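Coordinate analysis (summary)
Residues per chain are reported as follows:
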Amino acid sequence: MAAETGTETMDDVWTRTLAVLRADDAVTAQHRSFIRLIKPLAIVEDNVFLAVREDFTKNYVETTIRTLITRALSQVLGREVRIAVTVDSSVNSPEPSDSLDDDFETAPVQRRPQAPPPATYEDPHLNPRYTFDTFVIGASNRFAHAAALAVAESPGKTYNPLFIYGDSGLGKTHLLHAIGHYTRHLKPQTRVRYVNSEEFTNDFINSIRDDQSLSFKRQYREVDVLLIDDIQFLQGKEQTLEEFFHTFNALHNAGKHVVITSDVSPRNLDGIEERMRTRFEWGLMTDVQPPDLETRIAILRKKAAADDVQAPSDVLEYIASNITSNIRELEGALIRVTAFAALNKQPVDLSLAQVVLKDLISDDDSEITASAIIGTTADYFGISMEELTGTSRSRVYVTARQIAMYLCRQLTDLSLPKIGEHFGGKDHTTVMYAVKKVEDQIAQRRQMYNQVNEIHARIKQQSRG
Ligand SMILES: Nc1ncnc2c1ncn2[C@@H]1O[C@H](COP(=O)(O)OP(=O)(O)OP(=O)(O)O)[C@@H](O)[C@H]1O
């Protein structure tokens, strides 16, 4: 694999590419913060291989700034090229800071990464934590799990399409990723593509804008298994739905597998034509229900073991008995208790769990809205709701915005794109990043832990009136 093109080294090409990007008005501050995390690796024919440290960054580069980078690279190289992004944990990325400087710095590497095999270009964006091994089976999801496993074992044969539906936070995305992992484990050459419906929409819109419909088709039709998450976001988007319909038909006719998730059954999907709904019902439909107590305890036990945290059984039972309808919230409660104990150097015990979770656990189930969360958070930081949902990158606004996004994810059933809409139309990847960042910081920084806890308590109090 050549790391050079003509007499120019990869580093030279990248330096010139950064100069082009710097002059590009379409490149925003947020784009820049991600571009800084990229380490250029090599150019092989028309493929430019780039490395980043984390899956999340890879996802962002591939979905949000791929066109910008590809365009700049193509300009520098004088020919059309594609990018292939690989994850390499030795890329020593600087934390994407909130105050963005204008300089792109190349992320340094500690060792020279191995050039990735071309197959990484088709990397299916799978979260390594979402496997069948980490999925706890209970009465609420046994059928969905069995169907997912059957698909992974022989894609294209049984239950095509598989349609999994159910409320937020009950493991649909987890099962989709698990299918992807296991299929590739059994047959590594299988081409799997996981995509959220929002990304599908963006890719489709960009392909029209950039006149790249062929490459769009190739991306989505030349796969063996298409895993498409949260199909309900396509409701009412006529052109995208039409394209998805053709994609679906092309794959199905070719004996390729399609797995779909949604928050409602096909019958209840509004804004989708009957012909499409009927197609979704061709294969197998299965729902996931809220888990029963035993399953909730088992999920917490598995999570504690995976995160290597000690939590006695009575604590797990306490959490599982009180948080019943959303597994994301269940896991969030465990993290909150163990983080509090670690920050205060106290053992995790029942009385501590009761104190830490007292505001989280309330008898009142009145619904908490995104506006209530945004209002309370803005109030806490002494800023207006417009400032919180705006675009200012000053630290206090960014922190308030990220905490409010995190709490929306924790306390409402809103999807990532829907949360983004409440924050002035932010992209779902921005929300995803905020949630991850706050989650990480809660466990590491007392101030963040206290702020989130306090705002959470106020929101709960207000919802009780
Ligand atoms: N049966 C399970 N065993 C272990 N972990 C689970 C299980 N079900 C869900 N989880 C965990 O709960 C969290 C939420 O699950 P997931 O994101 O798959 O939900 P979802 O149904 O796709 O939600 P949404 O519709 O909001 O996207 C994830 O961290 C996932 O790993």
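All figures in this text were calculated on a predicted structure; none of them were measured in a lab.

Here is what the cut-offs are and how they apply
- Residues numbered from 1 in each chain as written.
- Predicted model: local features only at pLDDT ≥ 70, side-chain atom pairs only at ≥ 80, totals over all residues.
- Heavy atoms only, no water.
- Helix = DSSP H or I, 4+ residues; strand = E, 2+ residues; numbered from the N terminus.
- Buried < 20%, exposed > 50% of the residue type's maximum accessible area, 1.4 Å probe, protein only.
- Areas by Shrake-Rupley, 256 points an atom, 1.4 Å probe, with all protein chains shown as cover.
- Expected span 1.5 Å × (residues − 1).
- Contact = heavy atoms within 4.5 Å.
- Pairing = 2+ DSSP bridges.
- Axes fitted to C-alpha atoms, helices over the stretch in contact; angles between N-to-C directions.
- Near = heavy atom within 4 Å.
- Polar contact = N/O pair within 3.5 Å; in protein donor to acceptor, adjacent residues only side chain to side chain.
- Nonpolar A, V, L, I, M, F, W, Y, C, P; charged D, E, K, R; others polar.
- Phe/Tyr/Trp six-rings, centres within 6.5 Å; stacked < 30°, edge-to-face > 60°.
- Lys NZ or Arg CZ within 6 Å of the ring centre and 35° of its normal.
- Core = buried A, V, L, I, M, F, W, Y, C linked by side-chain atoms within 4.5 Å.
- pLDDT = per-residue confidence, 0-100.

**Things to note about the overall build of the protein**
- Of regular secondary structure, the protein possesses 20 helices and ten strands.
- Burial analysis of the protein (465 residues in total) assigns 52% to the buried set.
- If you sum the accessible surface of the protein, you get close to 21,000 Å²; carbon and sulfur atoms cover 47% of it.

**Quick notes on helix H11 (residues 293-307)**
- Spanning 15 residues, H11 covers 21 Å between terminal C-alpha atoms, matching the ideal 21 Å at 1.5 Å per step.
- Of the residues making up H11, those classed as buried are Thr 295, Arg 296, Ile 297, Ile 299, Leu 300, Lys 303 and Ala 304.
- Structurally, H11 contributes buried residues whose contacts are with helix H12 (313-322) and helix H13 (327-343).
- Just past H11, the residue Asp 308 takes up positive phi, approximately 60°.

**Describing the sheet that holds strand S9 (residues 257-262)**
- Sheet architecture is open: five strands sit in the order S7-S8-S9-S6-S10, paired in parallel fashion. If you trace the sheet from one side to the other, it starts and ends with strand S7 (192-196) and strand S10 (284-287), each paired once. Between one strand axis and the next, the sheet turns by 15° as a mean value, whatever way the strands run.
- The pairing of strand S6 (residues 162-165) with S10 spans four bridges and is classified as parallel. Bridge assignment links Phe 163 to a residue of S10, and that residue is Met 285.

**Thoughts on the site of the ligand**
- Inspection of the region around the ligand gives 19 residues, with Ser 168, Gly 169, Lys 172, Thr 173 and His 174 positioned closest.
- At 3.1 Å, a backbone N or O of Leu 170 approaches an oxygen atom of the ligand.
- Within the backbone of Gly 171, one N or O atom sits 3.2 Å away from an oxygen atom of the ligand.
- For the ligand, the protein covers 94% of the area, taking 630 Å² as the surface of the free molecule.
- Among the elements of the structure, helix H6 (172-186) and H13 are those that each provide at least two residues to the shell around the ligand.
- In terms of residue class, the shell around the ligand is built from six nonpolar, seven polar and six charged.

**Points about the packing of aromatic side chains**
- Under the definition given, this model contains 16 aromatic pairs.
- Centre to centre, the rings of Phe 132 and Tyr 182 are 5.9 Å apart; their planes meet at 90°, and the pair counts as edge-to-face. Placement of Phe 132 in the loop between strand S5 (82-87) and helix H5 (142-153) and of Tyr 182 in helix H6 is noted, with a sequence separation of 50 residues between them.
- Chaining the aromatic ring pairs together yields one cluster made of Phe 163, Tyr 165, Phe 200, Phe 204, Phe 216, Tyr 220, Phe 244, Phe 248, Phe 280 and Trp 282.
- The cationic tip of Arg 275 hangs over the ring face of Phe 245; the distance from NZ or CZ to the ring centre is 4.1 Å.

**Considerations on the nonpolar core**
- Ile 179, Leu 227, Ile 319, Val 337, Leu 357 and Leu 407 are the most contacted members of the largest nonpolar core, which totals 79 residues.
- The dominant element in this core, judged by the number of residues it contributes, is helix H17 (residues 395-411), at nine residues.
- Discounting chain neighbours no more than four positions away, the residues touching Ile 319 are Leu 300, Leu 330, Ala 333, Leu 334, Val 337 and Leu 357.

**Quick notes on the pairing of strand S3 (residues 39-44)**
- Counting buried positions along S3 yields five of six residues, so the element is predominantly enclosed.
- Two strands pair when backbone bridges link them, and S3 and strand S4 (residues 47-52) are joined in this way by five bridges, in the antiparallel orientation. Of the residues in S4, the one forming a bridge with Pro 40 is Leu 50.
- Hairpin remark: S3 followed by S4, antiparallel, with two residues in the connecting loop; positive phi at Glu 45, about 50°.

**Description of the confidence of the model for the protein**
- Here the protein averages 84 in pLDDT, and 90% of its residues register 70 or above.
- Low confidence marks residues 1-6, where pLDDT is under 50. Its contacts with residues over four positions away, or in another chain, come to 17 contacts.
- Note on residues 118-123: pLDDT is under 50 here. Beyond four places in sequence and across chains, it has twelve contacts.
- Under the prediction, the complex receives an ipTM of 0.98, its pTM being 0.64.

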